[in-house]
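Chain by chain, the residues:
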Amino acid sequence: MHPLRQHIQELIQLTDEEFDVVLSHFEHVKKRKHQYIVQEGDLVNKEYWVIKGCLKSCFFDDDGKEHILQFGLENWWITDYESFIKKTPSKIAIDCVEDCELLYISYENREKLTAQMHKMERFWAKKSKYGRIALQKRILSLLKNSAKERYNLLLEEYPQLFQRVPKKLIAAYLGVSRETLSRLSS
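To start, this report covers the structure provided alongside it. Since the model is a prediction, treat every value here as computed from it, not as a measurement.

1. Some remarks on the overall build of the protein
Then, number 1: Looking only at helices and strands, the protein has 9 helices and 8 strands in total.
Then, number 2: Along the first, second and third principal axes, the C-alpha set of the protein runs to 55 × 35 × 30 Å.
Then, number 3: Here the protein displays about 10,700 Å² of accessible surface, and carbon together with sulfur accounts for 51% of that area.

2. Quick notes on a positive patch on the surface
Then, number 1: Side chains of Arg122, Lys126, Lys129 and Arg132 sit close together on the surface and give a patch of like positive charge.
Then, number 2: Locating arginine 122 in the fold gives a position in helix 5 (residues 118–144).

3. A look at the sheet that holds strand 7 (residues 93–96)
Then, number 1: If you walk across this open sheet you meet the 4 strands as 2-7-4-5, and the pairing is antiparallel. Where the open sheet ends on each side, the last strands, each with one partner, are strand 2 (36–38) and strand 5 (66–72). Across the sheet, the axes of successive neighbouring strands diverge by a mean angle of 30°, strand direction being ignored.
Then, number 2: Here 2 bridges tie strand 2 to strand 7, and the two strands are oriented antiparallel to one another. Bridged to valine 38 within strand 7 is isoleucine 94.
Then, number 3: Sitting on the sheet, helix 8 (residues 167–174) is in contact with strand 4 (55–60) and strand 5, with an inclination near 100° to strand 5.

4. Quick word on the state of the cysteines
Then, number 1: The full count for this structure, using the stated rule, is 0 disulfides.
Then, number 2: Cysteine 58 takes part in no disulfide bond, and the closest cysteine sulfur to it belongs to cysteine 96, at a distance of 12 Å.
Then, number 3: Of all cysteine sulfurs, the one in cysteine 100 lies closest to cysteine 96, which takes part in no disulfide; the gap is 3.7 Å.

Conventions used here
Counting restarts for each chain, with residues numbered from 1 along the sequence as it is written. Per-residue local features are limited, in this predicted model, to residues with pLDDT of at least 70; the limit for side-chain atom pairs, both in listing and counting, is 80 or more; totals at the level of whole chains, interfaces and linings are taken over all residues. Excluded from the side-chain calculations are hydrogens and water; all other atoms, namely the structure's heavy atoms, are used. Counting from the N terminus, the helices are the DSSP runs of H or I reaching at least four residues and the strands are the DSSP runs of E reaching at least two. Every accessible area reported is derived by Shrake-Rupley at a probe size of 1.4 Å, with residue values counting cover from the shown protein chains alone. Each patch is built from residues that are more than 30% exposed by relative accessible area and take part in no salt bridge. Like charges join if they lie within 9 Å; nonpolar side chains (Val, Leu, Ile, Met, Phe, Trp, Tyr) join within 5 Å. Salt bridge, as used here, is a side-chain nitrogen of Lys or Arg placed within 4 Å of a carboxyl oxygen of Asp or Glu. Note that His is not counted, nor are the chain ends; the positive residues are Lys and Arg, and the negative ones are Asp and Glu. We put the charge of a Lys on NZ, of an Arg on CZ, of an Asp on CG and of a Glu on CD. When DSSP locates at least two bridges between a pair of strands, those strands are taken to pair. Axis definition: a line fitted to C-alpha atoms, over the contacting stretch in the case of helices. Angles run 0 to 180 degrees between N-to-C directions. Contacts are assigned to residue pairs with any non-hydrogen atoms lying within 4.5 Å of each other. In what follows, a disulfide is any cysteine sulfur pair within 2.5 Å.

That is the geometry; function is a separate question.
Next comes the structure, spelled out in structure tokens:
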């Protein structure tokens, strides 16, 4: 079974014909480690689904310090949603932490697909709900948990990140220095 179909069918069921229509709205792309799919200031017209690899969305503050908003692993969706939906310049960058294989759908194709197939409209509505839950959990964790608690939660929920992502990126995601991360992991 195609990995995208398997992913979609975790939430909704599609016939073979329906999945063929869905897949026809996507394009396939491969990116190398350190390649950007979104740069700050871009007008973002694509939403990406990760077949293979790891990406990060981040921004740099006025002092040049990197802050990682999210990682994108297999079966995750990633883009700058504000730019994608509101057609404003991107405030973040998204680049490949590893070599990546991605499917993407343009904003226009997503709109066409949801208009012609209400099942996909329901799929994206459900994905959006889960995304809001994940965002709320991340914000609450940043506001109420200690660095050690955030580290332990990340290790518990996404242990594969620690094998795939450099420690300095884990530190930037947790909002701690590389030195603090070393102390937390010992």
